[in-house]
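Okay, here's what each chain looks like letter by letter:
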Amino acid sequence: MKDIILETGSIKKQVTLQGNSEGLVFDNVGELIKAQSLGVSYTANFIDGGFTLNYNIYGTLKAVCARCLEEFELPVNISDIKFYSPETQEINVSEQLREDIILFIPQNTLCQNDCLGLCQICGTSKNKKACGCNDKPMDPRWSKLKDLIK
Ligand SMILES: [Zn+2]
Ligand SMILES: [Zn+2]
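Source: prediction; values computed, not measured.

> Can you break down the overall build of the chain residue by residue, with the values?
Regarding its fold elements, the chain presents three helices and six strands. Moving toward the C terminus, one meets the helices and strands of the chain in the order β-α-β-β-β-β-β-α-α. Buried positions account for 15% of the 150 residues belonging to the chain. Taking the intrachain contacts of the chain between residues at least 6 apart in sequence as the baseline, contacts between residues at least 24 apart amount to 56%.

> Outline the nonpolar core, listing residues and values.
Judged by nonpolar contacts, the single largest core of 15 residues is most densely connected at Val40, Tyr42, Ala44, Phe51, Leu53 and Ile57. Those elements that place two or more of their residues in this core are strand S3 (33-47), strand S4 (50-64) and helix H2 (93-104). In terms of residues, this core owes the most to one element, S3, which gives five residues. Ignoring sequence-local partners within four residues, the contact set of Val40 consists of Asn20, Ser21, Leu24, Tyr55, Asn56, Ile57 and Leu97.

> Give a description of H2 that names residues and reports values.
The terminal C-alpha atoms of H2 lie 16 Å apart, and with twelve residues this matches the ideal 16 Å at 1.5 Å per residue to within 8%. Restricting attention to buried positions, one finds in H2 the residues Val93, Leu97 and Ile101. The buried residues of H2 all sit within an arc of 65° when viewed along its axis, so they share a single face. Seen from the buried face of H2, the exposed residues on the opposite side, beyond 90 degrees, are Glu95, Glu99 and Leu103.

> Give a description of unusual backbone geometry that names residues and reports values.
Phi at Val15 takes a positive value of approximately 70°, unusual for a residue other than glycine. Within the secondary structure, Val15 is located in the loop between helix H1 (8-14) and strand S2 (16-24). The exposure class assigned to Val15 is exposed, which follows from the 10 C-beta atoms found within 10 Å. One non-glycine residue with positive phi stands out, namely Leu69, at about 65°. For Leu69, the location among the structural elements is in the loop between S4 and strand S5 (71-84). Given 13 C-beta atoms within 10 Å, Leu69 falls into the partly exposed group.

Conventions used here
- Residues numbered from 1 in each chain as written.
- Chains lettered and ligands numbered in written order.
- Predicted model: local features only at pLDDT ≥ 70, side-chain atom pairs only at ≥ 80, totals over all residues.
- Helix = DSSP H or I, 4+ residues; strand = E, 2+ residues; numbered from the N terminus.
- Buried ≥ 20, exposed ≤ 12 C-beta atoms within 10 Å, placed from the backbone.
- Contact = placed C-beta atoms within 7 Å.
- Core = buried A, V, L, I, M, F, W, Y, C linked by C-beta atoms within 7 Å.
- Expected span 1.5 Å × (residues − 1).
- Arc of directions from axis to C-beta.

Encoded structure:
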């Protein structure tokens, strides 16, 4: 994405600066995030103690479920406010957005909280049908024996 950088000098002059952008694309926000098209609206203010940046990021991320590997849509709606000292020369909005998006993406992206994942034996998505395989975890007392067989 092209960087959104606000010169604080111009905010000082106008006291409030507003803007918005559609179709933001962020690279390298996570292996499980495929495609994205996000929007942002922001307001920068000049107040006595420095600058504030209010923003809202909205849209949908296309993510891959960590359990069943199906693609699903992850809605994004992040609102945040940041403070900058009066000495700040410029505010890099894009950098701030990127940080928030990375924090927002769960470590384990799941299509639903109770996603059943894939069968360990036949690979069928257990959300779609019961495959009937017996893939219950083995009694730990047997795992030593299993290692011997390998
Ligand atoms: Zn899933
Ligand atoms: Zn199975």
